[in-house]
Amino acid sequence: AVHRRERDQMKVGVARTGLQAKTSQQEPANVIIVVIECLRPDLIDSKIMPNLHEFAERSILCPHNFSSGNATCYGMFGLMTGLEAIWFQRPVHQQPILNRLLHAAGYKLGFYGGQTDWRHFQMDGFVCPEHFDEFQTELPVLPGSDLRTVERTIGFIDQSKPGGNGVTELASPRASVAYMFGTHSRYSDPQDRIFQPTAPEHLLMSTSPEIKEQFYNGFKNSARTMDRMIKPLPRDDCVVIILGDHGEPYFDDGTAVHGTRLSRYQNMTPAIIHFPGVVPRKITAPTSHTDLLPTLLSILGIPLTNPNVFDGLDLLTASDETLAERSFLTRNYM
């Protein structure tokens with residue numbers, strides 16, 4: 001059964017007849033996927049991340065969304081394959097379904113990020129230049145590396161080409177992933193340091209309530225800076241998905257950092273889904289990173305040769321009862 005399922009994952013493609021009927025009706029939408037390091041659900045707050053909070057109010061908000069695991073490698077895998085992390089060591093790791101299907105539907109793909117350790121954490125099978133038309137990452141030297149990620153993403157989405165008659169025509173539809181790192185290192189600009197007191201940089205994190213609050217204040221300040229950095233990305237003319245790769249515990253589960261224990265604080269991160277014509281709503285049932293790819297394909301109207309290949313669900317069509325009753329997996333890095 002495992003091998004049969006795996007063959008289905010490797011063979012799934014775009015149903016050409018259905019795609020042609022869809023694309024003849026309307027122009028394909030551009031896609032922006034923003035992955036924010038350590039994004040906890042409680043950060044989507046008007047005092048912490050006001051821009052993202054306002055955007056979430058106009059979108060589909062999944063406040064109880066679980067990453068495929070409590071580390072970046074599993075979160076990115078679930079996002080780019082629609083599969084649970086039990087498949088992380090399998091051949092599908094080398095052929096991300098998101099890239100394969102969007103390329104087949106005529107999209108050009110970009111990936112931009114302020115980090116380079118994809119190979120170290122076994123992500124280079126699906127986060128690598130071979131699967132993207134443009135791929136630019138760099139070491140996290142903040143704030144410059146994150147700012148350039150935003151600029152490159154916007155530049156890629158807005159690229160156009162001159163037509164033969166001198167009239168500017170839109171290029172192929174584009175989908176871009178922007179990986180934002182600043183909240184991992186708790187970087188913040190001075191103007192955003194409104195939550196005080198904060199812990200000195202040399203201080204180790206502690207279970208002491210006072211010290212814990214100081215570290216979390218620094219994290220909230222970092223989220224405010226991130227909120228300003230990504231402000232150009234939540235656009236109303238694109239399909240936009242904003243989520244975290246995983247959460248961060250800050251001793252709410254007895255541990256200091258992610259990747260150490262299965263818990264709602266390490267494994268849960270919000271997801272925001274926005275597209276032209278979206279009807280805002282909040283999905284209160286638990287959702288999963290694996291839901292985002294089938295939901296994206298549904299928004300774009302890309303039909304599949306085998307729509308049952310994903311572990312996740314299309315959140316546009318799944319009933320409240322189905323979401324409330326189903327089970328899914330999230331993984332512990334350790």
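Residues numbered from 1 in each chain as written. Predicted model: local features only at pLDDT ≥ 70, side-chain atom pairs only at ≥ 80, totals over all residues. Heavy atoms only, no water.

Moving on, we come to the sheet that holds strand E5 (residues 134–137). Spatially, E5-E4-E8-E1-E9-E10-E2-E11 is the arrangement adopted by the eight strands of the open sheet, whose pairing is mixed. Strand pairing shows two members of the sheet lacking a second neighbour, E5 and strand E11 (281–282), which therefore form its edges. Taken together, the six bridges between strand E1 (residues 31–36) and strand E8 (residues 174–180) define a ladder with parallel strand orientation. For Val34, the partnering residue across the bridge sits in E8 and is Ala178. Contacts from helix H5 (residues 97–104) reach E1, strand E4 (108–113) and E8, with the element oriented near 140° to E4. (Pairing = 2+ DSSP bridges. Helix = DSSP H or I, 4+ residues; strand = E, 2+ residues; numbered from the N terminus. Contact = heavy atoms within 4.5 Å. Axes fitted to C-alpha atoms, helices over the stretch in contact; angles between N-to-C directions.)

So, about the pattern of salt bridges. Using the criterion set out here, one finds 15 salt bridges in the structure. Between Asp311 and Arg5 there is a salt bridge, and its shortest N-O distance comes to 2.8 Å. Taken together, the positions of Asp311 in the loop between helix H9 (292–300) and helix H10 (320–325) and Arg5 in helix H1 (residues 2–11) put the pair 306 residues apart, joining distant regions of the chain. As a salt-bridge pair, Arg235 and Asp158 come within 3.0 Å of each other at their nearest N and O atoms. Of this pair, Arg235 sits in the loop between helix H7 (209–229) and strand E9 (239–244) while Asp158 sits in the loop between helix H6 (144–157) and strand E6 (160–162); the two residues are 77 residues apart in sequence, bridging distant segments of the chain. Each member of the salt-bridge network shares a partner with another, and the members are Arg40, Asp42, Lys212 and Asp252. (Salt bridge = Lys/Arg side-chain N within 4 Å of Asp/Glu carboxyl O.)

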